[in-house]
Amino acid sequence: AIDFKTNPAFDQQIDGKTFKTMRHSFMQLMQQSHYWYADEKEIIYITYGLLKDDRIRYPEVLKQIVQSIKW
């Protein structure tokens, strides 16, 4: 379960939309990131997970991929 008290959501702009975003650890082996957006026309949910070793190598790459999303 996601604990919003220890991992509060924050706002992040992606292609002009304000997404709620949060990150948390899963079983101490994976870091999961969640992005969600909803308005009267659409609901968007994006998530990805990185294994513990990959958290060090790939976070900037995934950040750039998420930031490059266009609708």
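See the structure shown above.
1. Here we look at the overall build of the chain
And step 1. Each helix and strand counted, the chain has 2 helices and 4 strands in total.
And step 2. Listed N to C, the secondary structure of the chain is β-β-β-β-α-α in terms of helices and strands.
And step 3. Looking at the 71 residues of the chain, the share that counts as buried comes to 27%.
And step 4. As displayed, the chain offers around 5300 Å² of accessible surface, 56% of which is attributable to carbon and sulfur atoms.

2. Some words on a nonpolar patch on the surface
And step 1. On the surface, Phe26, Met27 and Leu29 cluster together to form a nonpolar patch covering roughly 350 Å² of accessible area.
And step 2. Among the secondary structure elements, Phe26 is positioned in strand β2 (residues 17-26).
And step 3. In this structure Phe26 comes out as partly exposed when scored by relative accessible area, which is 41%.

3. What about the pairing of strand β4 (residues 43-51)?
The side chains of a regular strand alternate, first on one face of the sheet and then on the other.
And step 1. Of the two faces of β4, the one lined by Ile44, Ile46, Tyr48 and Leu50 is fully buried and the one lined by Ile43, Tyr45, Thr47, Gly49 and Leu51 carries no buried residue.
And step 2. Bridge count between strand β3 (residues 30-38) and β4: 9 bridges; the pairing is antiparallel. Paired with Tyr37 across the strands is Ile44, a residue of β4.

4. Here's the deal with the packing of aromatic side chains
And step 1. Tallying each qualifying case throughout the model produces 2 aromatic pairs.
And step 2. When the ring of Phe19 is compared with that of Tyr37, the centres are 5.5 Å apart and the planes differ by 40°; the resulting orientation is tilted. Linking Phe19 in strand β2 with Tyr37 in strand β3, this pair joins segments that are 18 residues apart in sequence.
And step 3. When its relative accessible area of 0% is taken as the criterion, Phe19 is described as buried.
And step 4. Classification of Tyr37 as buried rests on a relative accessible area of 15%.

5. A short note on the side chain of His24
And step 1. Locating His24 in the fold gives a position in strand β2.
And step 2. For His24, the side chain forms a polar contact with the side chain of His34, separated by 3.0 Å.

About the thresholds
- Residues numbered from 1 in each chain as written.
- Predicted model: local features only at pLDDT ≥ 70, side-chain atom pairs only at ≥ 80, totals over all residues.
- Heavy atoms only, no water.
- Helix = DSSP H or I, 4+ residues; strand = E, 2+ residues; numbered from the N terminus.
- Buried < 20%, exposed > 50% of the residue type's maximum accessible area, 1.4 Å probe, protein only.
- Areas by Shrake-Rupley, 256 points an atom, 1.4 Å probe, with all protein chains shown as cover.
- Patch = residues over 30% accessible without salt bridge, like charges linked within 9 Å, V, L, I, M, F, W, Y side chains within 5 Å.
- Salt bridge = Lys/Arg side-chain N within 4 Å of Asp/Glu carboxyl O.
- Pairing = 2+ DSSP bridges.
- Phe/Tyr/Trp six-rings, centres within 6.5 Å; stacked < 30°, edge-to-face > 60°.
- Polar contact = N/O pair within 3.5 Å; in protein donor to acceptor, adjacent residues only side chain to side chain.

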